[in-house]
Structures are given as structure tokens and as C-alpha cells.
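Survey of secondary and tertiary structure
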Amino acid sequence: MTERDHVTVSGSRGPVNSGGGDQYVIYGAGPDWMVRKGVAHFRIAREDRVRLADRFVPPPGYRVAADRLEEPGSVVLLDGPPGCGRRAAAIMLLHGLGADGDADEEEGTRFEELPATAEDATKDQRPPAPGEGGRFLLDLSGITDAGTYDKALHRLVAYRSDVRKAGARMVVVLPSGMEHAHAMEHAHAPDLEPLRVRLERPRGVAVVVRYLRMDRMPFRPADLGGDALRSLCDRSPVRELARLAGLVRAARDSHRFGTDFAGWLDQAVHAVTDRAGEVRRQMSTVRTAPERALLLAAAVFEEIRADTVYEAWHRLMRTVGHEEEATTELARTDFGELLEALRIERAADGRLRFERLAYADAVRTYFWANFPGLRDDLRDWIDEVTELSSLTYDERTNVVLRFGERSLAVGRPDHLFGLAVRWADRATGSTCEPRAVAALELGLAHEEFGGSFRKQVYECAVRPGPLSDGLVRVLTAVCRQSLGATHPDQAMVRLHHLAVREGKAAHEAREALLELAADRDHRLYPSLIGRLRDRASREQRGAERHLRLLTELLGSDRAPQPPPWPALFKGWSTVFSRPPTELWTPLVSGWLSAAASDPAQFMAPEVMVGATHGRTAALHRLYVIACGWARSSHHPDRAAVAARFWQHIDHAQYARTERAGAGPRTTEETR
């Protein structure tokens, strides 16, 4: 790398690339990222986008796409070779539309990912309608067959129409290696082809330098001149370069690999290029079941105390059906000697770790890839050993995430989801099972299987019959924490189904749903009103649960500011058209109090009266509630609001009797 190259990419801010790659976005690696998070994942949350922006290097073609996206209503289709960072580029294109790096999000501009396939949506949910200024990502990169791609393009045509009408913007990530033009012709959308922009892979050394700079690495351009590093920079996907830079940081932070950048970089390069081969060579010499089981247990439980690893090791051998030796333990090879033979270190604090950087990850990868017949046993082992009382919260979570990473990598998301449900169903008390939450959040955030996990969460939420309180709590937690950030419309649907169930945990789902409806841009609030009105009107059994939830949503303490009067009018119309009328008192009294204390709520009395559509019984009920509310305090503001409310009721009664041809009967006559 030349000095000129060094200067070009050394700024502390600005658009930079990725850890994106074809399927994953990886921000870094090390004890607090790779180990804790388990696998590469990406949420389009603001804090994650800001982090990505700090590390993103624009690939060739990026500026062309950015220029095309400037006009409201624009749609851009990103194409490019695998590993060039298309998804990361798409996210940064949309992120860059925000004023001052996304400050406009504070004002309510939406940034969401749209469902790419039918599997990613649910039957009772339509895709979110774009609003003005909204920013939308449609990632088709995971599609591998022409039939699914053809259907996805039909969805794209519909999305594009909505985006153009609303003045929103959308970026689409196309799959690599498919005949786009041919597929577009079959989708009857030849006008999509001009929207395509070709991206190329960014300079690998620029990606590495950017990550190192953001991690405050003390290096010189000459330190990056090694042949091995140059080879990686020339051919590796962007996500692997991001991982490499993260491993340099991990080597530095471990304090085990010297104090200079050259030593850290050397360890990281070897971790990326040599670890798989090293594990294969070790496995060719480690032949007994106990040794292999200890190697795997240490890899899954790395950085955990030796006694806990010892217990996990023996449980693994029992799970896979290994018969222990008949001799006493004193007659066998001692634990420390076995660890030394396997090149596993026991630190001064008693925790176990491998001598080489990232070796544990390579061991886990080897076992899950090369012993497929053991995967069911490994699932059951993880179920058992994560119950060990000696594990801390963080250690237990790390074990779950390490297992989940490998299960997803070998195409067994059912193992991860199944364990999550099993853990949730067994939970006792009122706490939320953390293992289940960690497992589901990992699956929901996965590039390939995220849609499948969202669908399975939906199927659990709508399952006939009772759900355990533990499962309801876990599903509520992941909808609130994960789906609420990435797919708020889907979170709303699932929380609604949970909120109208029986059981104590359903109350938590109701609270989560109402909180979600009061999100930053308040877009979900009218949407949820419409959904609850529909269910309250349409369903025979359980209609009252929807109505009670609707009434709570319509309260003055739940409504966004400024109040969305058209949505409130529709909601109040539904509530005021049916029993139970005892629901009305807190609703009406709350809004009268709001009108008395806040000029912004001035319209509430008139809108509530209008929502009765002149029905005499409903107007009389409102009048009685207002009388009780006015008598509860002699404050002059209350008297004024009550008088105005009664006046609106008089006008509504007069209009109704006029239409009926009878003389008016005012509220004054009934007072």
C-alpha cells in the first residue's frame, strides 16, 4: 500500500464499507462481538447503521446508485459479484439520505426492510404502505431458484409502485449469478432493468485499513505489506476482511499475543488462513472418543472455568453413549495432562482456552460439519449443559449462541428454534427464559433463516389452544426487542395474537403491543386501531378482548402527539357502537381531562360526540359520564370543557331528531 493509499482511507468519518458481503454484515470480531453475538447478523437499527457507516468503504458503482436515489420515489437495484458488500451498500445508500447521518429519524422517517418472499410475510398482514420520505430495503440476495425469484420480482413491481406514489425510496439487493434480465422479462417488468446498478468489490486493503483505524490500531502502511495479507485483500469477500480486522483487535485485547501490531496481525492472518487445516491435522491424531469429546467441550465452553468444562465433557460422553472406563479416576490420565495434550491452556483464574487465536471457532466448525450424525445428540447436550448452575448468565448465553451459530451454518435452524421453545415451555416463575430469547434473537437476525424464524414465531403466536406463560413471555420479548426494531409491522401482528390470549403473560404482551404502537413515527398507532376494529367487528368468539385492547389503546395516555383525530374517530366509533359500556367511562373521562389541561386536545369532545354517529343511547351515556366527571372537581376548566361537550351532544341530538322529523330534546331538558 502506498502512502497515497494510506491517506485516502484514513479519515475518521464518512462513508466506508462494510462488513457486508453477500450474505452477512460483520462489524468486527473479538470477545465482545464475535463471541457474545455468535454469528454475523444485522439489524437496520440506527445504532447499527451508524457503526456500519464508520467502517464502510464505497465500492465502485456506489456513487452512481447514490445519484439515482436522490429523487423522491426512486428505486435502485444493486447487482454485483458475491462478496462485494451489496447489502451493506444498500443500507448505507438509504442511511445516507438522512440529514447529518440520520438525524431525520428523530423526526419519524421510516427505515425498514420489506419481506422478500411469501414465507417472510404472514397471511393476515399486508406489507407496510410506504410513507413520504420512507426508506426501504428489499434484499433478494438469498434467493437461489428462478421460480422464487420470479415471484419476488412481482412483489418488487408492487413495492416500486407504492414507493413512487408515496415519494419514498427503495434499494433492492439482487442475487448473484442469476439471469436478471431474463427473469425480469418473465415478471412482465422490463422497465426494471434500467434501475440496475452494478457494484464491484471495493479495494480489500482499504476495507482492512478502515476497520483497523476505527479500532485505533497503531500501525504504519509498511506493516500491511506481507504477502499473506495482500493475498487475502485481493481475493477474500468483504465480510472475511472485516473478520480479519476484528481478529487483530481480539489478539490485541487478549494480551496473549505480544504488544506490537505485527504480532497481532500475524495471529489474525493465521487464524483466517490456517485454522481449518490445523484442526484437521489435530483430529487425525486425536482418535479416542474421550479426547474428541473434551476437545469439543472446551471449544464450546472456551473461557469458562475448568470444573464446568469437566462436567460438560462428561455429560457429552454420556449423551453420545460412550461407556466410561471401569477403572477409578485415580487410575486414568489426569484432566490437566489431557488438556495439555490437546493444547488447551488453563489460565491462572481457572478458565480454559486454546493456545491459538480463534482455534475454538474452527473446532466447533469442524465437528458440526464433519459429524452430521451427532447433531441431534449435540442439541440434547446443549439443552442439558446450559442448565449447569456453575454457569454465569453471560457464559450460558455464549454457549447458546455458539451452538446456534453452528446449527444455522449447517442448515439446522430447527434445532435452534426447537430448543428455544423447549426452554421457554419449561420456564417457571415470572421471569423470561434468557436462553430462549438469545436463541430466537440469533435466528431472527440471521440473513438466510431470519424469514423462517419470523414465520415460526408467527405460527407459535397463532397456534390454537393455550401457550405456556414462559413461551408467551419469550415471544413477547423477541417481538419487542428484535422484531420491533427491524420489522415493526410483523412485531405488531405477533404481539396482537399474544395479547388477546388467556394467562398472566398475555398482559405483558398487551403492554409490549401498546408500547410498540407509540413508536417514534406513530405510524403503527392508526394501523393497530384498524386491526383491532376489524377483529372486534369480525370475530364472534373473543371479540370483547379485541375491544378492550382497542379501548385501552384509544386512551388519552396512549395516543401520540399530536393526536391522529381521524384514526381516533374510527376507533371511538367502534367502541361507542357496542357494549360493554363500562369501558367508556375511563376512556371519555381521560380525554375530557386531557382537553381541560392541554389546548392541543381541544378537539377531543367534538370528535368523541361525532364518533357516536348520533345514536341516542350512546349520546346519553356520554352525557352521564361527563356529568360525573364534571362533579368530581370544581375546577373552572372542567366546567368549561363539560359545557362544550354537552353543547356538542345537543347539536348531535338536534341533527338526529331533525332527520327523524321530531322536535329536538336537548340535554338541558334532562339535566
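The paragraphs below set out a description of the structure included in this document.

What counts as what
- Residues numbered from 1 in each chain as written.
- Predicted model: local features only at pLDDT ≥ 70, side-chain atom pairs only at ≥ 80, totals over all residues.
- Heavy atoms only, no water.
- Helix = DSSP H or I, 4+ residues; strand = E, 2+ residues; numbered from the N terminus.
- Contact = heavy atoms within 4.5 Å.
- Buried < 20%, exposed > 50% of the residue type's maximum accessible area, 1.4 Å probe, protein only.
- Lys, Arg positive; Asp, Glu negative; His and termini not counted.
- Salt bridge = Lys/Arg side-chain N within 4 Å of Asp/Glu carboxyl O.
- Polar contact = N/O pair within 3.5 Å; in protein donor to acceptor, adjacent residues only side chain to side chain.
- Pairing = 2+ DSSP bridges.
- Axes fitted to C-alpha atoms, helices over the stretch in contact; angles between N-to-C directions.
- Left-handed = near helix turned anticlockwise from the far one by under 90°.
- Expected span 1.5 Å × (residues − 1).
- Arc of directions from axis to C-beta.

**Side note on the side chain of Arg-275**
As for its position among the elements, Arg-275 is in helix 12 (residues 275–283). The contact partners of Arg-275, leaving out residues within four places of it in the chain, are Gln-267, His-270, Arg-356, Leu-357, Ala-358, Tyr-359 and Ala-362.

**Some words on the side chain of Arg-501**
Its place among the elements puts Arg-501 in the loop between helix 23 (488–499) and helix 24 (505–517). Although Arg-501 is buried, it forms no salt bridge, and the closest oppositely charged side chain is Asp-469 at an N-O distance of 9.2 Å. Side-chain polar atoms of Arg-501 contact the backbone oxygen of Gly-465, separated by 2.7 Å. Discounting residues that sit within four places of it in the chain, Arg-501 has contacts with Cys-460, Ala-461, Val-462, Arg-463, Gly-465, Pro-466, Leu-467, Ala-506, Arg-510 and Arg-545.

**Considering the environment of Pro-560**
Turning to its location among the elements, Pro-560 is positioned in the loop between helix 26 (543–553) and helix 27 (565–575). When its relative accessible area of 6% is taken as the criterion, Pro-560 is described as buried. Along the backbone, Pro-560 and Asp-519 are 41 residues apart, and their C-alpha atoms lie at a distance of 8.8 Å. Every residue in contact with Pro-560, bar those within four places of it in the chain, is listed here: His-522 and Tyr-525.

**A word on the sheet that holds strand 2 (residues 111–113)**
Strand order in the open sheet formed by five strands is 2-3-4-1-5, with parallel pairing between adjacent strands. Both outer strands of the open sheet, strand 2 and strand 5 (196–198), are each paired with one neighbouring strand and no more. Sheet twist, expressed as the average angle between the axes of neighbouring strands with direction ignored, equals 20°. Here strand 3 (residues 135–139) runs beside strand 4 (residues 169–173); their pairing, made up of five bridges, is parallel.

**Regarding the packing of helix 19 (residues 413–426) against helix 21 (residues 450–461)**
Two elements in contact, helix 19 and helix 21, have axes separated by 11 Å at closest approach and are oriented at 35°. The two elements helix 19 and helix 21 meet at a crossing, and its hand is right-handed. The residues of helix 21 that touch helix 19, namely those facing Pro-413, Leu-416, Phe-417 and Val-421, are Phe-453, Gln-456, Val-457 and Cys-460.

**Some words on helix 5 (residues 86–95)**
Of all the ten residues making up helix 5, ten are buried; the element is thus mostly covered by neighbouring parts of the structure. Turning to helix 5, its buried residues number three or more, namely Arg-86, Arg-87, Ala-88, Ala-89, Ala-90, Ile-91, Met-92, Leu-93, Leu-94 and His-95. Tucked into the core, helix 5 has its buried residues touching helix 3 (46–54), helix 4 (62–68), strand 1 (75–79), strand 2, strand 3 and strand 4.

**Some remarks on helix 25 (residues 524–538)**
Along its 15 residues, helix 25 runs 21 Å from first to last C-alpha, staying within 8% of the 21 Å computed at 1.5 Å per residue. Residues Leu-524, Tyr-525, Leu-528, Ile-529, Arg-531, Leu-532, Arg-535 and Ala-536 constitute the buried set of helix 25. Taken down its axis, helix 25 places every buried residue within 165° of arc, on the same side. Looking at the buried side of helix 25, the elements it contacts are helix 23, helix 24, helix 26 and helix 27.

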